[in-house]
Structures are given as C-alpha cells and as structure tokens.
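Chains, contacts and geometry: an overview
Now for the letters of each chain:
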Amino acid sequence: MSMKILTIFGTRPEAIKLFPLIHALEADPRFVSKVCVSAQHRAMLDQVLAIAGIEPDHDLDLMRPDQSLNALTAALLTGLGRVMDAERPDWVVVQGDTATAMAGALSAYYRKIPVGHVEAGLRSGNIHHPWPEEVNRKIIGSIATLHAAPTETAAQALLRENVDPQTVHVTGNTVIDALHWIVARSEVERGLVSGLADLEARFAGKRIVGMTSHRRENFGQGMRAIATAVRRIAARADVAVIFPVHLNPNVRGVMHAELAGLDNIALIEPLDYPHFARLMAISTLLLTDSGGVQEEAPALGKPVLVMRETTERPEGIEAGTARLVGTDPGRIVAETFRLLDDEAAYAAMARAHNPFGDGRAAGRIVELLAAG
Ligand code: UD1
Ligand code: UDP
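Structure report, in brief. (Residues numbered from 1 in each chain as written. Chains lettered and ligands numbered in written order. Predicted model: local features only at pLDDT ≥ 70, side-chain atom pairs only at ≥ 80, totals over all residues. Heavy atoms only, no water.)

As for the overall build of the protein
Counting secondary structure elements, the protein contains 16 helices and 13 strands. Here the C-alpha radius of gyration of the protein, 20 Å, is about what a compact globule of 372 residues would show, namely 21 Å. Considering only C-alpha atoms, the protein reaches an extent of 65 × 45 × 40 Å along its principal axes. Counting the 372 residues in the protein, one finds 58% classified as buried. Sequence-distant contacts in the protein: of pairs separated by 6 or more residues, those separated by 24 or more amount to 69%. Carbon and sulfur atoms provide 53% of the accessible area of the protein, an area that totals close to 14600 Å². Looking at charge distribution, the protein has the averaged site of its 37 positive side-chain charges lying 2 Å from that of its 44 negative ones. (Helix = DSSP H or I, 4+ residues; strand = E, 2+ residues; numbered from the N terminus. Rg over C-alpha atoms; globule rule 2.2 N^0.38 Å. Buried < 20%, exposed > 50% of the residue type's maximum accessible area, 1.4 Å probe, protein only. Contact = heavy atoms within 4.5 Å. Areas by Shrake-Rupley, 256 points an atom, 1.4 Å probe, with all protein chains shown as cover. Lys, Arg positive; Asp, Glu negative; His and termini not counted. Charge placed at Lys NZ, Arg CZ, Asp CG, Glu CD.)

Considerations on the nonpolar core
Judged by nonpolar contacts, the single largest core of 56 residues is most densely connected at I5, F9, L21, Y273 and L369. In terms of residue count, helix 1 (residues 12-26) provides more of this core than any other element does, 7 residues in total. Leave out the neighbours within four places in its chain, and L369 touches M3, I5, L25, F31, W91, V93 and L146. Counting 29 residues, the second largest nonpolar core, distinct from the first, contains V251, V254, L267 and L339. (Core = buried A, V, L, I, M, F, W, Y, C linked by side-chain atoms within 4.5 Å.)

Here's the deal with the environment of I143
The residue I143 is located in helix 5 (residues 133-143) in this model. Along the sequence, I143 and G116 sit 27 residues apart, while their C-alpha atoms lie 9.1 Å from each other.

Describing the sheet that holds strand 5 (residues 115-118)
Think of a sheet as strands paired side by side through backbone hydrogen bonds, with each pair either parallel or antiparallel. The 7 strands are arranged 3-2-1-4-5-6-7 in an open sheet whose pairing can be described as parallel. Each edge of the open sheet is held by one strand with a lone partner, namely strand 3 (58-59) and strand 7 (168-170). Summarising the sheet, strand 2 (residues 31-37) and strand 3 pair through 2 bridges and their orientation is parallel. Following the sheet pairing, V37 is matched in strand 3 by D59. Helix-sheet contacts for helix 1 involve strand 1 (3-9), strand 2, strand 4 (91-95) and strand 5, and the interaxial angle to strand 1 is about 165°. (Pairing = 2+ DSSP bridges. Axes fitted to C-alpha atoms, helices over the stretch in contact; angles between N-to-C directions.)

Structure, rendered in structure tokens:
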C-alpha cells in the first residue's frame, strides 16, 4: 500500500526548498503526495507554486497584512489540525523554521503523526538571532522522528541535543536541487529570465550588487542602518544595487522611505525564482540577511556579505564565500568596497563551492521516508 505524505509549507523559501521533494514524491508510485499550504505568504508563495507547477490540495489562505506571530500561529494550529484530521497522513513533512513549519510539527505531534524535518539541525545558538526561527527549529527538532540534516555540522548539532542518532541523516540541502533545476530550465526557456533585461541595459558597465533583506530582528534600527549602508555603496558611480524588496510592510516602509528615487538603486518587486537566480548570476556580490541566499551564493561562486550578527550556516563562511558583517553601516560599506576594489580579496571569495549539497537531497529524503 502506498504511503501518504502530507507536505506542509507557507512561505517563499519553504516552497523553493520543498518543490524538489514534492516533484520526487509525485513521481514515485510508493507514495500518495498531498500538499497543504498555509499561505502565510501569498504573492511570494504563489510565484514559486506557479514556476514549480504545484497545485496544493489544501490552501488555508492565512496571510493578513502585517500579521502578528500570535494571531498567525493560532490560525495555523487550528487550520492545520483540520487538514490533518481530514487527510490522516502516514507522515507530515515540514521544512526549516517558519511559523508554519513549527505549527505543522506541533499539530502532527498532537495527533501522533510522525514528522519528517527537512533542513534539520540548523542552530545559531542564540534564541533572539534569528528571531523567532531559532526557537521554531528547536521545537521541530524535539518532535521530528526523521531529521534530514543538510550538512554534517547540522547533524552534529542535533546529536548534541541528544536526538536519537538513528533518526539523523545527512542529505544535503534541497535548495541546491531547486537551484540546479531552475538554472537548467532557464537555459532552455530563455523567456523565464528576460524580465531583467531593462535593468541590465540601464546598469550596463556598472558592477551589480544584488541585495535582499527581511529579518524580523533587524526591523527598525537594523533596517535603517542597512539602508544607510546601501545609500553609501550606491553613491559610487561604478556600482548599481538591485534590491527586490520583500513584501513585509516593516521592510518596505523603511527601504522605500530611505532609498527610493536614487540613481544607482533599483528597488523592485520580489522576483520569481528564475529571475532571482539570474540576478545572483549577474551580481558581482550579494548583500543579504536571507538564509536561502547564503546557501545559493556559494554554489554560484558569488561572494555574499551576510548582514546579521550570527549565522546558523557556518559552512559558507568556512568555505570562504560568505562573511558575517552585521548591520553596522561602516562595516557593511567597508567590506563591500574591499570586495569591489581588492582583486585578491574578491578572487578569494569568488570560488564555487557546494558546502550545502550536491543537488540530490530530495532523492535521499524520499528513500528515508520510504524506509520509515
Ligand atoms: C517569514 C518567516 C521567516 C522567513 C521569511 C521568508 C516566520 C515567523 N517568519 O517572515 O522565517 O525567513 O518568511 O521570507 O515564519 N507579505 C505580503 N505578501 C507576501 C508575503 C508577505 O504582503 O506574499 C507581508 C504581509 O503583510 C505579512 C507580512 O509580510 O503579514 C509578514 O509575513 P510573515 O510570513 O508573517 O513574515 P516574514 O517576515 O515574511
Ligand atoms: N528569492 C526569490 N526572489 C526574491 C528574493 C529571493 O526567489 O526576490 C529566493 C532566493 O533565491 C532564496 C529564497 O527566495 O531561495 C530566500 O527567501 P527569503 O530570503 O525570503 O527567506 P529566508 O531564506 O531568509 O528564510
């Protein structure tokens, strides 16, 4: 009899990191694959569903403008519980550390349904950075009975928390599967990445800094500091910053107030995944506080300056492609200028590595689920 897997997610990065697994489950007769989206994100989630061709079986449509963590989590627990009662799956699969992933794991636990955790074992060691993700991951980690750790470092973090070693497996991160899939597809379907052509023409001859920023712990002062840094970087005539601005109003308010209308800065709407992969490819370097971008940049050989105080992804730093620069404008500007002006420093960081996986993580996770 086939095994029913209910995959639950709600945001852009979860969708990106789970579509390779969903594709693999759908193609495998050993499984019945059911998909539930909380739609904690709406437009940014739908961009990924469209490109990956995923039509959810359940859509809770939970996103509300500037939603609070309490209201979102309460709605998630109620809505996800209802879906689980209807589907009665053999496994629930969640990814990463969002509110949806945490509430999905907790709802499954309340029903004694086993939980598989994709991207298990990331830890910064600081429950306030990233906030609230570090606690979400710890909750999921204490519930899951299948931990797909992307790296050996992540697996070791789980073992240090006394997680049963039999349940911990190093699979690689599915984000590399997703990136390979999208890059290969865009090479065949050039129209998928043609939407950046106008910006590429406008900034021809300049060095592109690709940028994203959205972390809750940076809201307010941190966001303003990041904007100050970007303004100074874009004051250089030889640089252009392309910044697809996250739809969270706490990000948009500050970034549009501080950066709109400046010559060398393009504040644009969130890009779909093929276009964002293209932006990474044409960028000289990346400035980000995103988790996923820290994993993708090393695979593309792009130096990435991480505007956070801590990271749960030390592999990029150890591989030499990522550097933690915090949110102090002076430090962000200095590290960016060093990469722009010092060829040796740039070359040292611009080497392609794959510390986060080989692009075959989804297949490994499918086999673990089948064995479970
Ligand atoms: C969430 C996750 C975070 C993840 C990030 C990825 C939690 C607590 N946070 O943060 O871990 O790194 O997604 O981007 O789970 N909005 C829209 N349209 C969208 C998406 C968001 O308008 O498509 C706006 C809404 O006003 C919404 C707000 O952004 O209320 C915040 O969305 P939410 O998912 O709660 O938090 P993020 O900051 O996006
Ligand atoms: N991304 C995207 N469009 C954008 C910005 C980012 O498709 O405009 C992708 C990016 O390639 C990565 C993921 O979204 O795979 C990261 O999402 P985000 O930064 O929102 O969340 P995090 O990874 O920090 O949880």
